[in-house]
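Residue strings, one per chain:
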Amino acid sequence: MAEGDIKLEETWKFALEGEFADPYMAQLRKFLVAEKQAGKRIFPKGSEYFRALDLTPLDEVKVVILGQDPYHGAGQAHGLCFSVKPGVRTPPSLVNIYKELQSDLGIPPAKHGFLESWAEQGVLLLNSVLTVEEGQAAAHQGQGWERFTDAVIRTVNEECDGVVFILWGSYAQKKAAFVDQERHLVLKAPHPSPLSAHNGFFGSKPFSQTNAYLDEHGMGAIDWRLPENVE
């Protein structure tokens, strides 16, 4: 993936230039081009592969929430983990995140699943893998995205101070196991999926813990309320 092909927010582009120059990114780009040429539909669209980074510049990161893969249904994914486009039914894991948000901070569930207002406040909503084939969950695992997003997490770990890493589920916890817990706050809980949310996700209070830490470190709390009207 040649750097000249990448439209990316400047702080991230500078921090990650070594990744874009590495042969594995060229291989990843070759893979994605071949998939499209084979007539496969790839989500999200190309301009949204790096949407999480574009909305949350490196020097503004306060919180990192890690997901695994983009949603693979038409019209869902737009580059932020757990988030869906306006007008799309809120996915089950996000429904449970909203339930915990209400239990934790008394914020009623939003009527949509569009989380860009979180990202604009410094919440990096990062999937481990940034693309997927329509209807084929995890189809793009092992093609290079994991290495790239490892570099993103490593950059936040090394370049930022006092970031809250919210790690839901064993996959996220393993991926960010190297984060310096002397320098950052790491909050771990089971995944909000309906399969695991009752094993300790509910009642974990990640939102109040995050805001207390951010306030304590002079970072400014996140307003977790989502706007009522989104387009």
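Before reading further, recall that the structure is shown in the block above.
Overview of the structure.

The rules behind each value
- Residues numbered from 1 in each chain as written.
- Predicted model: local features only at pLDDT ≥ 70, side-chain atom pairs only at ≥ 80, totals over all residues.
- Heavy atoms only, no water.
- Core = buried A, V, L, I, M, F, W, Y, C linked by side-chain atoms within 4.5 Å.
- Buried < 20%, exposed > 50% of the residue type's maximum accessible area, 1.4 Å probe, protein only.
- Helix = DSSP H or I, 4+ residues; strand = E, 2+ residues; numbered from the N terminus.
- Contact = heavy atoms within 4.5 Å.
- Pairing = 2+ DSSP bridges.
- Axes fitted to C-alpha atoms, helices over the stretch in contact; angles between N-to-C directions.
- Phe/Tyr/Trp six-rings, centres within 6.5 Å; stacked < 30°, edge-to-face > 60°.
- Salt bridge = Lys/Arg side-chain N within 4 Å of Asp/Glu carboxyl O.

Structural notes on the nonpolar core
Judged by nonpolar contacts, the single largest core of 67 residues is most densely connected at Trp12, Trp118, Leu124, Trp145, Phe148 and Val156. Per-element tally for this core: the top contributor is helix 7 (residues 145-159), with 6 residues. Contacts of Trp12, omitting those with residues within four sequence positions, involve Leu53, Thr56, Pro57, Leu58, Val61, Leu124, Val152, Thr155 and Val156.

A few points about the sheet that holds strand 5 (residues 164-168)
Spatial ordering of the open sheet is given by 3-2-5-6, a layout of 4 strands whose pairing is parallel. Either end of the sheet is taken by a strand with one partner, and the two such strands are strand 3 (123-127) and strand 6 (185-189). The sheet shows a mean angle of 20° between the axes of neighbouring strands, direction not considered. In this structure, strand 2 (residues 63-67) lies alongside strand 3, joined through 5 bridges in parallel fashion. Considered in strand 3, the bridge of Val64 is made with Leu124. Where helix 7 meets the sheet, it contacts strand 2, strand 3 and strand 5, and its direction lies at approximately 155° from that of strand 3.

Observations regarding the packing of aromatic side chains
Under the criterion given, the structure shown has 13 aromatic pairs. Measuring from ring centre to ring centre gives 5.3 Å for Trp168 and Phe201, while their planes differ by 85°; the resulting arrangement is edge-to-face. Of this pair, Trp168 sits in strand 5 while Phe201 is found in the loop between strand 6 and helix 9 (206-216), placing the two residues 33 residues apart along the sequence. Note on accessibility: Trp168 and Phe201 belong to one class, buried. Seen in terms of ring centroids, Trp168 and Phe207 are 6.5 Å apart; in terms of plane orientation they differ by 65°. Their pairing is edge-to-face. Taken together, the residues Trp168 in strand 5 and Phe207 in helix 9 connect sequence positions 39 residues apart. For the pair Trp168 and Phe207, a shared accessibility class is recorded, and that class is buried. What links up through ring pairs into an aromatic cluster is the set Phe82, Trp118, Trp168, Phe201, Phe202, Phe207 and Trp224.

Here we look at the pattern of salt bridges
Counting across every chain of the model gives 9 salt bridges. With its nearest N and O atoms 4.0 Å apart, the salt bridge here joins Glu133 to Lys40. Taken together, the positions of Glu133 in strand 4 (residues 132-133) and Lys40 in the loop between helix 3 (23-37) and strand 1 (42-43) put the pair 93 residues apart, joining distant regions of the chain. The partly exposed category is assigned to Lys40, whose relative accessible area is 33%.

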